[in-house]
Amino acid sequence: MTIAVAILTWNRAKVLQDCFAKIQQHCTFKQLAIFDDASTRDNTAEVLTKYFGHDSRARPEILATELRGPDSGHRCSCFLGHENLGVAGNTNRALRWFLDYTGCDFLCLCNDDLVITGDFTKHYSQASQETNIGLLCYCGFTSEQYAWTEVQVGQWTVKQLGRMTGAMLAMPRGLLEKIGYFD
């Protein structure tokens, strides 16, 4: 299974840099992209342009400019949004990239503040295959409003949430081809 990772960010250069570095250090992926939702309140766009800005091209279908870093081998890209589309709009940029341009089988869609300590991409793609669950998420919230029920699916203990939320959503291509974009 080939894995793509998309990181969503907006005005959070400091946590984004840590997330990006840890994903590169710990995770299995074929392609990775950062989607900046037109940051204007901090130096996020400046930091991304410094790292990725060596090769750029307009991507009007994603409402962004694509940047590719010199040492990424075109495995890692960055998309600087032209306008702030909000979380759903920035997510749709990432979904469009995944569906139309990666050829990968599985997507891990991450918030920029995801704390990474190991290869979550491999773990979630394996869990998806073995449980046949189409949408998995990591939710580190502990308050009662995010209560879950534990369900055993084969060897996996899955926490079933009453709502879709999380710092990382993981899904196979087939699911996105059926449901489309976020509303």
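Shown above is the structure to which this text applies.
Since we're looking at a predicted model, the values are computed, not measured. (Residues numbered from 1 in each chain as written. Predicted model: local features only at pLDDT ≥ 70, side-chain atom pairs only at ≥ 80, totals over all residues. Heavy atoms only, no water.)

(A) Region of interest: the overall build of the protein. In terms of regular secondary structure, the protein is built from 5 helices and 10 strands. A separation of at least 24 residues holds for 69% of the contacts in the protein among residues at least 6 apart in sequence. Summing over all exposed atoms, the protein offers an accessible surface of approximately 9,600 Å²; the carbon and sulfur share of this is 49%. (Helix = DSSP H or I, 4+ residues; strand = E, 2+ residues; numbered from the N terminus. Contact = heavy atoms within 4.5 Å. Areas by Shrake-Rupley, 256 points an atom, 1.4 Å probe, with all protein chains shown as cover.)

(B) View of the packing of aromatic side chains. Applying the stated criterion across every chain, the model contains 5 aromatic pairs. Note on Phe 35 and Phe 79: the rings are 4.8 Å apart at their centroids and 5° apart in plane angle, and the pair reads as stacked. With a gap of 44 residues between them, Phe 35 in strand 2 (residues 31-36) and Phe 79 in strand 5 (residues 76-81) connect regions that are remote in the sequence. Taken individually, Phe 35 and Phe 79 each receive the classification buried, so the pair is uniform in this respect. The interplanar angle of 65° and the centroid separation of 5.7 Å between the aromatic rings of Phe 35 and Trp 97 together place this pair among those described as edge-to-face. Here Phe 35 is found in strand 2, whereas its partner Trp 97 is found in helix 3 (residues 86-102), with 62 residues between them in sequence. (Phe/Tyr/Trp six-rings, centres within 6.5 Å; stacked < 30°, edge-to-face > 60°. Buried < 20%, exposed > 50% of the residue type's maximum accessible area, 1.4 Å probe, protein only.)

(C) Structural view of unusual backbone geometry. Unusually for a residue other than glycine, Leu 63 sits at a positive phi of about 55°. Although it is not a glycine, Asn 132 sits at a positive phi angle of roughly 60°. Here Asn 132 is to be found in the loop between helix 4 (120-131) and strand 7 (136-138). With a relative accessible area of 72%, Asn 132 lands in the exposed category.

(D) Structural context of helix 2 (residues 44-52). Regarding helix 2, the residues found buried are Thr 44, Leu 48 and Phe 52. In a view along the axis of helix 2, the buried residues occupy a sector of 35°, so they form one face of it. When the buried face of helix 2 is taken as reference, the exposed residues oriented beyond 90 degrees from it are Glu 46 and Lys 50. Next to the buried residues of helix 2 lie strand 1 (3-9), helix 1 (13-26), strand 2, strand 3 (55-59), strand 4 (64-68) and strand 5. (Arc of directions from axis to C-beta.)

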